[in-house]
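Chain and residue survey
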Amino acid sequence: MMELYIFDRDLNFQGMLESFFSLRWIRRYSKCGEFELHCSLTPETLELLKKENIIWKKGDLEAGYIEYRNLKQDTEGKETLVVKGKFLTGYLGRRIIWGTENLSTTAELAMRQLINNHAINPANTDRKIDMLTLGDLKGYTNNIDKQVSYKNLLETVEEIANTNELGIRTLIDIQNKQMISDIYEGINRTAGQSVNAPAIFSNEFENILTQEYTDSLNNYRTVALVAGEGEGTARQFVTVGSGTGFDRYELFIDARDLQQEDMTNEEYEAVLQNRGQSKLAEMREIQTFESKININSNLTYREDFDLGDVVTCTSKKWGITIDTRITEVEEIYEESGFSVNITFGNNIPTLIDKIKQVVR
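Residues numbered from 1 in each chain as written. Predicted model: local features only at pLDDT ≥ 70, side-chain atom pairs only at ≥ 80, totals over all residues. Heavy atoms only, no water.

Section: the pattern of salt bridges
What counts, and what does not: By convention in these notes, a salt bridge is any Lys or Arg side-chain nitrogen within 4 Å of a carboxyl oxygen on Asp or Glu. Numbering of helices and strands runs from the N terminus, with a helix taken as a DSSP run of H or I at least four residues long and a strand as a DSSP run of E at least two residues long. For every residue, the accessible area (1.4 Å probe, protein chains only) is compared with the maximum for its type, and the residue is labelled buried under 20%, exposed over 50%, or partly exposed between those bounds.
Summed over the entire model, instances satisfying the criterion amount to 23 salt bridges. Residue Lys84 pairs with Glu36 through a salt bridge whose shortest N-O separation is 4.0 Å. Of this pair, Lys84 sits in strand β7 (residues 79-87) while Glu36 sits in strand β4 (residues 34-40); the two residues are 48 residues apart in sequence, bridging distant segments of the chain. With its nearest N and O atoms 2.6 Å apart, the salt bridge here joins Lys86 to Glu67. Of this pair, Lys86 sits in strand β7 while Glu67 sits in strand β6 (residues 63-73), placing them 19 residues apart in sequence. Under the relative-accessibility criterion, Lys86 is labelled partly exposed at 31%. Among the residues examined, Glu67 registers a relative accessible area of 39% and is labelled partly exposed. Overlapping salt bridges, with partners in common, bring together Arg24, Glu36, Lys84 and Glu330 in one network.

What follows is the structure in structure tokens.
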């Protein structure tokens, strides 16, 4: 079993965890990842696995910090320590958008602006997150017009990333003691393109062990009426999306929090339209393949496919073929071996996701 390297939050090495019962390492494309570790409860593990300490798997690009510990003893007297935490991107969740940010730029530059202004170089130096820096500018061209005030920084960045199909992660540089906020895009590995080697997942190719397909309209909306500032007949409205008859699913969005201030009418309408587009992006038709991958097949994890890549999933028996993005990868390390569970596509929103959609 692999060794886990433990650091304090200043990236000073604290020691190695050489054995454990299980580790769930969940990587997400447009959201912060998380982990859960189970190991023996000893004075050494209690000291090593403190809250706020950082866990890193050798060779991995990302790491996670501990924010939860649970000590338990079973009926046979066996003592277990369970620790859970988030990947380093989770530090952004400790900040809000302090004031109002008007974002009329590319999605990539908007995310970089928010992270820089509220975590790396904030006006109030007490808000600075030490060691955090911005990664290379990639030059992605998706444009947004957005106004945001007093929202959670992480949730805002995740929303922009999800709407524009971009990935967000925080790379760890142990040697230079840096955490690098990186915005990236997965590789197109679908069957229909010819630039990259295709990645096709199918029972027929024996590269998946189990699969589950979900196709749902439960959360689906196609047209949004967005209401901005003002009262009664003076209130400003815009309509986003399209659809007719049975294929029209309508949604009302109260966007009174978006203020026109010094914006022209055209600029303000663009901001309202962006709010509508963001909400509709959260309420797409759900098409999800969840699969347990055969790691000893024709496709090698992290070489032939990885988190964020767009691949082809097919089942001849079910008559389904979709080109879809790998949005989540769950790596499972246990005493019995290593396995990988993959989520392809936009997963069904959890209750927490739905509450956040209402609150925004």
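This is not the end of the story, as more comes after the structure.
Let's talk about the sheet that holds strand β12 (residues 178-184)
The strands making up a sheet associate through hydrogen bonds between their backbones, and the pairing can be parallel or antiparallel. The condition is simple: For two strands to be treated as a pair, DSSP must find no fewer than two bridges joining them. For helices, the fitted line uses only the C-alpha atoms of the stretch in contact; every axis is such a line through C-alpha atoms, and the angle between N-to-C directions lies from 0 to 180 degrees. Any two residues whose heavy atoms approach within 4.5 Å at even a single point are treated as in contact.
Strand order in the open sheet made by the 3 strands is β9-β12-β11, with mixed pairing throughout. Either end of the sheet is taken by a strand with one partner, and the two such strands are β9 (132-134) and β11 (167-173). For this sheet, the mean angle separating the axes of adjacent strands, direction not counted, is 30°. On top of the sheet, helix α2 (residues 107-120) reaches β9, β11 and β12; it is set at about 155° to β9, its chief contact.

Details of the sheet that holds strand β15 (residues 223-227)
Taking strand neighbours across the sheet as the criterion, the 3 strands line up as β16-β15-β17 in an open arrangement whose pairing is mixed. The sheet terminates laterally at β16 (237-241) and β17 (250-254), the two strands that pair on one side only. Averaged over all pairs of adjacent strands, the angle between their axes in this sheet comes to 20°, without regard to strand direction. Against the sheet, helix α4 (residues 265-282) engages β15, β16 and β17, with an angle of about 40° to β16.

Some remarks on the packing of aromatic side chains
Within a pair of aromatic rings, the relevant descriptors are the distance that separates the centres and the angle that separates the planes. Heads up, the condition is: Two aromatic rings from Phe, Tyr or Trp, using only the six-membered ring of Trp, form a pair when their centres are within 6.5 Å; if the ring planes differ by under 30 degrees the pair is stacked, by over 60 it is edge-to-face, and anything between is tilted. Placement of a charge over a ring requires the Lys NZ or Arg CZ to be within 6 Å of the ring centre, with the centre-to-atom vector within 35 degrees of the ring normal.
Counting across every chain of the model gives 14 aromatic pairs. Within the aromatic cluster, the residues linked to one another by ring pairs are Tyr5, Phe7, Phe13 and Trp56. A cation over a ring is seen here: Lys84 above Tyr68, with NZ or CZ 4.9 Å from the ring centre.

Comments concerning a nonpolar patch on the surface
Selection criterion: What goes into a patch is any residue over 30% in relative accessible area without a salt bridge, connected to like charges within 9 Å or, for nonpolar side chains (Val, Leu, Ile, Met, Phe, Trp, Tyr), within 5 Å. We get accessible surface area from the Shrake-Rupley algorithm with a probe of 1.4 Å; when it comes to residues, only the shown protein chains can shield them.
A contiguous nonpolar surface patch, about 380 Å² in accessible area, is contributed by Ile96, Trp98 and Tyr150. Within the element layout of this structure, Trp98 appears in the loop between β7 and β8 (100-106).

A word on the pairing of strand β2 (residues 13-17)
For a regular strand, side-chain orientation follows a simple rule: the groups alternate between the two sheet faces. Relative to β2, strand β1 (residues 4-7) runs antiparallel, the two being bridged by 4 bridges. Bridge assignment links Tyr5 to a residue of β2, and that residue is Met16.

Concerning the nonpolar core
A general tendency of soluble globular proteins is for nonpolar side chains to be buried together. Quick note on the threshold: The criterion is simple. A nonpolar core is a set of buried Ala, Val, Leu, Ile, Met, Phe, Trp, Tyr and Cys residues joined through side-chain atoms within 4.5 Å.
Counting 73 residues, the largest nonpolar core has Leu37, Leu49, Ile54, Ile55, Phe201, Phe305 and Phe344 as the members making the most contacts within it. Broken down by element, the residue count for this core peaks at 7 residues, all from α2.

Considerations on the packing of α2 against helix α3 (residues 153-163)
Two packed helices can be described by the angle between their axes and the distance between those axes. Condition: Roughly parallel means an angle under 35 degrees; roughly antiparallel, over 145; roughly perpendicular, 65 to 115; everything else is oblique. Residue classes follow a fixed rule: Ala, Val, Leu, Ile, Met, Phe, Trp, Tyr, Cys and Pro count as nonpolar, while Asp, Glu, Lys and Arg count as charged, and any other residue, Gly among them, counts as polar.
Where α2 meets α3, the closest approach of the two axes is 10 Å, and the angle between their N-to-C directions is 170°. The angle between α2 and α3 places the two elements in the roughly antiparallel class. Contacts from Ala107, Ala110, Met111, Leu114, Ile115, His118 and Ala119 of α2 reach α3 at Leu153, Thr156, Val157, Ile160 and Ala161. Split by residue class, the contact of α2 with α3 holds 10 nonpolar, 2 polar and no charged.

Just geometry here; none of it tells us what the structure is for.
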